[in-house]
Amino acid sequence: MKENLICLLSLLLLCSCDNKKLEDNRIVESLSVPLEPVSDHEKLSEIASDVHYISLETNDNALIDAIVRVIQQDSLVYVADRSRVYKYNQNGDLIATLSKSGAGSDQYTNISDFEVDAAGNVFVLSRSDRRLYKYGAENNLLDKTDFDCWVSNIRLAGDKTMFLYVGNETEGSNNKQLQQLDLSTHKISASFLDIDSKKSKYLHVKSDNYFSGGGGDTCSYFFQQFNDTIYKLSPHTGLSPAFYMDIANNNIPTSFFNREYRDIMDFFQNVSKNGYAYGSSLFAENPTSYLFSFYKLGQCYMALVPKGRENKSHLFKGIKDDVRLFGYPIELNDLKMFMQRNGDLMVVLSPSEIFAYASERLSNEDNVLLNKMFKSNDEDQNPILLSIRLK
């Protein structure tokens, strides 16, 4: 339930020229985020330059459970649930499956996160095992690394570096939220962001996204649910503040985190009671725009904000697909979205909800076109992926 609360995602960002002094006296650019005006459903044609649907093949060997992560790399799409990693082509045809769930020496207990390198090798993080596994093209185990703390998420940065997100877990000798792993030596080469002793008692939440941008060993962004600072992250230069997110002066104040809370539910109840905004669940810098997320009073918001002030910004609570899906409304609450390295957004959609909409709202002719697009009208088929390239 804790993880589901944090999977409620949205996107918003308006850029300003003001600067912000952080607690450690560093100055970063302040990105001001107003809460209005907002529309209920923004047309997809207004915010996307390219829209692509991927209907994932369903068969006895590919019945996807709750999705952990989606990675689009070149012409392939990798989808992981808690037990398997599925490899598809752009048409949604199943190519291969990595299934190593078990208790053997080359097996994992479950999948918490995964990564794919340039050669197609798959890294599987098993939080339960406190271990990182590396599998080759034939699903053979190539390497594994043990951890002395709970790791929630991973991000590959080139051939030799992987970033580990630990969060507020203080198991073992760990006292940092983010660690840099040298894959060749299996050693931690750097670590960042001290764990706050008060937060470690209650603030344990899970997000689908902590990293965005960057390819190979280039610089990327790192962000967290309850941190208003967006960081640049590089295996060469480490971690440095890039932006401060100012959500209409409605951010959770630092003093709020220093109070005593029974557990994470008590913390969330107090956040809602005070009407604070939070949730950097998505952040990306595209060539012409920014992407940002926050959550407030049970509602997710989404916005795409061009870097040029002369262009129009888009702030909304839902999306209407007027490009491919006959005006299908996509609500942001409870929606799973995954940032890709190139800034694209991969959205997981429910076939049953799409076909229910089609049956109630569309003509017979449009229903025929819809069935051709998705190969099937079976509401029990695997999820449908929506790939959005933002303007």
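What counts and what doesn't
- Residues numbered from 1 in each chain as written.
- Predicted model: local features only at pLDDT ≥ 70, side-chain atom pairs only at ≥ 80, totals over all residues.
- Heavy atoms only, no water.
- Buried < 20%, exposed > 50% of the residue type's maximum accessible area, 1.4 Å probe, protein only.
- Helix = DSSP H or I, 4+ residues; strand = E, 2+ residues; numbered from the N terminus.
- Pairing = 2+ DSSP bridges.
- Polar contact = N/O pair within 3.5 Å; in protein donor to acceptor, adjacent residues only side chain to side chain.
- Core = buried A, V, L, I, M, F, W, Y, C linked by side-chain atoms within 4.5 Å.
- Contact = heavy atoms within 4.5 Å.
- pLDDT = per-residue confidence, 0-100.
- Axes fitted to C-alpha atoms, helices over the stretch in contact; angles between N-to-C directions.
- Salt bridge = Lys/Arg side-chain N within 4 Å of Asp/Glu carboxyl O.

### Comments concerning the pairing of strand β13 (residues 153-157)
- The buried fraction of β13 is high, at five of five residues.
- Of the two faces of β13, both are covered, the one formed by N153, R155 and A157 as well as the one formed by I154 and L156.
- By the bridge criterion, five bridges tie β13 to strand β14 (residues 161-165) in an arrangement that is antiparallel. Bridge pairing in β14 places L156 opposite M162.
- Taken together, β13 and the strand that follows it, β14, pair antiparallel across an intervening segment of three residues, in which G158 is found at a positive phi of about 85°.

### Re the side chain of S152
- With respect to the element layout, S152 can be found in the loop between β12 (141-146) and β13.
- At a separation of 3.2 Å, a polar atom in the side chain of S152 contacts the side chain of R127.

### Observations regarding unusual backbone geometry
- Here E36 and P37 are connected by a cis peptide whose omega angle stands at 5°.
- A positive phi angle, near 65°, is found at L193, a position not held by glycine.
- Mapped onto the fold, L193 is located in strand β16 (residues 187-194).
- By relative accessible area, which is 19% here, L193 ends up buried.
- Here the phi dihedral of D334 falls at roughly 70°; this positive angle occurs in a residue that is not glycine.
- By the secondary structure assignment, D334 is in the loop between β28 (328-331) and β29 (336-339).
- Overall, D334 belongs to the exposed group, its relative accessible area being 61%.

### A word on the nonpolar core
- Membership of the largest hydrophobic core comes to 49 residues, with the highest contact counts inside it found for F226, I252 and F267.
- The residues touching I252, leaving out its near neighbours within four places in the chain, are F226, D228, F257, F267, V271, Y276, A277 and Y278.
- Listed in part, the 18 residues of the second largest apolar core include F283, F292, Y301 and A303.

### Examining the confidence of the model for the protein chain
- Predicted confidence across the protein chain gives a mean pLDDT of 88, with 93% of residues reaching 70 or more.
- Contacts of residues 1-17 to residues separated by more than four positions or lying in other chains number 82 contacts, the stretch itself having pLDDT below 50.

### Points about the sheet that holds strand β4 (residues 48-55)
- Spatially, the four strands line up as an open sheet ordered β4-β31-β30-β29, and their pairing is antiparallel. In this open sheet, the two strands that pair with only one neighbour each are β4 and β29. Going across the sheet, the axis of each strand differs from the next one's by a mean of 20°, ignoring polarity.
- The pairing of β29 with strand β30 (residues 345-349) spans four bridges and is classified as antiparallel. Note on β30: the bridge partner recorded for M339 is L345.

### Description of the pairing of strand β10 (residues 122-126)
- Where burial is concerned, most of β10 is hidden: five out of the five residues are buried.
- Here β10 shows no split at all, with V122, V124 and S126 on one side and F123 and L125 on the other all buried.
- Of the pairings in the sheet, the one linking strand β9 (residues 113-116) to β10 comprises four bridges and is antiparallel in character. The residue of β10 that forms the bridge with E115 is F123.
- Connecting β9 to the antiparallel partner β10 that follows it, the hairpin turn spans five residues, and G120 within it adopts a positive phi of roughly 90°.
- Pairing of β10 with strand β11 (residues 131-135), which is carried by five bridges, proceeds in the antiparallel orientation.

### Focus: helix α5 (residues 264-274)
- Along α5, the positions that sit buried rather than exposed are I264, D266, F267, F268, N270 and V271.
- Its side-chain oxygen 3.1 Å from the backbone nitrogen of M265, D263 forms the N-cap of α5.
- Once α5 ends, the next one or two residues include G275, with phi positive near 70°.

### Thoughts on the sheet that holds strand β7 (residues 84-89)
- An order of β5-β6-β7-β8 is seen for the four strands of this open sheet, with the pairing classed as antiparallel. Because the sheet does not close on itself, it has two edges, and the strands there are β5 (69-73) and β8 (94-99). Neighbour-to-neighbour, the strand axes of this sheet turn through a mean angle of 15°, independent of strand direction.
- With five bridges joining them, strand β6 (residues 76-80) and β7 adopt antiparallel strand pairing. Its bridge partner lying in β7, L76 is registered against N89.

### With respect to the pattern of salt bridges
- What the rule picks out here adds up to 15 salt bridges.
- In this structure, the salt-bridge partner of E115 is R69, at a minimum N-O distance of 3.7 Å. Of the two residues, E115 is situated in strand β9 and R69 in strand β5; the sequence distance between them amounts to 46 residues. The exposure classification of E115 matches that of R69, with both residues buried.

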